[in-house]
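Next come the chains, spelled out residue by residue.
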Amino acid sequence: EVQLLDSGGGLVQPGGSLRLSCAVSGFTFSSYAMSWVRQTPGKGLEWVSSISGAGGTRDYADFVRGRFTVSRDNSKNTLYLQMNSLRAEDTALYYCAKAPRGVHVTFDYWGQGTLVTVSS
Amino acid sequence: QSALTQPASVSGSPGQSITISCTGITSDVGGYNFVSWYQQHPGKAPKLLIYEVSDRPSGVSNRFSGSKLGNTASLTISGLQAEDEADYYCSLYTSRINVIFGGGTKLTVL
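Residues numbered from 1 in each chain as written. Chains lettered and ligands numbered in written order. Predicted model: local features only at pLDDT ≥ 70, side-chain atom pairs only at ≥ 80, totals over all residues. Heavy atoms only, no water.

(A) The arrangement of the interface of chain B and chain A in detail. Across the boundary between the two partners, chain B contributes 15 residues, which contact 16 residues of chain A. Counting the surface chain B buries against chain A, the share from its top three residues, Pro 46, Asn 98 and Phe 101 of chain B, is 32%. Connecting chain B to chain A are one salt bridge. Our count for the chain B to chain A interface comes out at eight residue pairs in polar contact (both at pLDDT 80 or more). Looking at the side of chain B that touches chain A, the elements with two or more residues in it are strand 3 (34-40), strand 7 (86-94) and strand 8 (98-101) of chain B. Looking at the side of chain B that touches chain A, the element that brings in the most residues is strand 3 of chain B, giving four residues. In the side of chain B that touches chain A, the residues fall into ten nonpolar, three polar and two charged. (Contact = heavy atoms within 4.5 Å. Buried area = accessible area lost by both parts, 1.4 Å probe. Salt bridge = Lys/Arg side-chain N within 4 Å of Asp/Glu carboxyl O. Polar contact = N/O pair within 3.5 Å; in protein donor to acceptor, adjacent residues only side chain to side chain. Helix = DSSP H or I, 4+ residues; strand = E, 2+ residues; numbered from the N terminus. Nonpolar A, V, L, I, M, F, W, Y, C, P; charged D, E, K, R; others polar.)

Here it is as structure tokens:
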């Protein structure tokens, strides 16, 4: 059974940092692209970042490029999102999501989400 | 920045069919159409219903179907059931824009 378990969310002040993790099981992690997608009540779903199976290709949405870094440890079956210089508008529920192939053209499994709140 | 437009809400009675539109679809290099549809119940993660315009993952009911005409993709739900009441999102991937989502459509089963 495919499982994705997001963690690492919390309350952080503007300008602060947070690292999200996504531990996966039930599939060969290194064979699939993985992504982070966030959701806010006001803006709905937003794609944040993706990383290829081997980790050599990383893509970012314009609104996080230069502030967020996606990475993965295939030996630990874990995906990460390092978030720096956080802003109030980054407040959202963050999901990790699996692609059904090597490119993130769609997302066939999602984590349960981890809530990030940026506020002073 | 490209945008996908969905109706904010749709409704239907049990047993009826409804269609949710998603406008603003463009094709990827090579003519590929990476349109997906997701269902999200309150407090739950999105669930993939349709990928590549009209393909269904295993386990998804055949009451859900997808299509595309011009720059508009559509999700049709036939034989509406109470459990179909949820939010529905379309998404598009192209190598130029990466992934964008529609604003979501709230389906109410009357």
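(B) Here's a closer look at the pattern of salt bridges. All names here are of chain A. Enumeration according to the criterion identifies seven salt bridges over all chains in this entry. Between Asp 90 and Arg 38 there is a salt bridge, with its nearest N and O atoms 3.0 Å apart. Here Arg 38 lies in strand 4 (residues 34-40) and Asp 90 lies in the loop between strand 8 (78-83) and strand 9 (92-98), a separation of 52 residues in the sequence. One exposure class covers both Asp 90 and Arg 38, and it is buried. When salt bridges that share partners are traced, they join Arg 38, Glu 46, Arg 67 and Asp 90 into one network. (Buried < 20%, exposed > 50% of the residue type's maximum accessible area, 1.4 Å probe, protein only.)

(C) View of the state of the cysteines. Scanning the model with the defined rule gives two disulfides over all chains in all. Between the sulfur of Cys 22 of chain A and that of Cys 96 of chain A lies a disulfide, 2.0 Å long from S to S. Disulfide Cys 22 of chain A to Cys 96 of chain A: torsion about the S-S bond roughly 55 degrees, handedness right-handed. In this pair, Cys 22 of chain A sits in strand 3 (residues 18-25) while Cys 96 of chain A sits in strand 9, placing the two residues 74 residues apart along the sequence. Residue classification places Cys 22 of chain A among the buried residues on the basis of a relative accessible area of 0%. Classification of Cys 96 of chain A as buried rests on a relative accessible area of 0%. Paired by a disulfide, Cys 22 of chain B and Cys 90 of chain B hold their sulfur atoms 2.0 Å apart. What sets the handedness of the Cys 22 of chain B and Cys 90 of chain B disulfide is the S-S torsion sign, and at about 75 degrees it is right-handed. With Cys 22 of chain B in strand 2 (residues 18-23) and Cys 90 of chain B in strand 7, the pair connects residues that are 68 residues apart, well separated along the chain. Comparing Cys 22 of chain B with Cys 90 of chain B, the two get one shared label, buried. (Disulfide = S-S within 2.5 Å.)

(D) Expanded view of the sheet that holds strand 1 (residues 3-7) of chain A. All names here are of chain A. Taken in spatial order, the four strands line up as 1-3-8-7 in an open sheet, and their pairing is antiparallel. Sheet topology places strand 1 and strand 7 (68-73) at the edges, where each strand pairs with a single neighbour. On average, each strand axis in the sheet is tilted by 15 degrees relative to the strand beside it, whichever way the strands run. (Pairing = 2+ DSSP bridges. Axes fitted to C-alpha atoms, helices over the stretch in contact; angles between N-to-C directions.)

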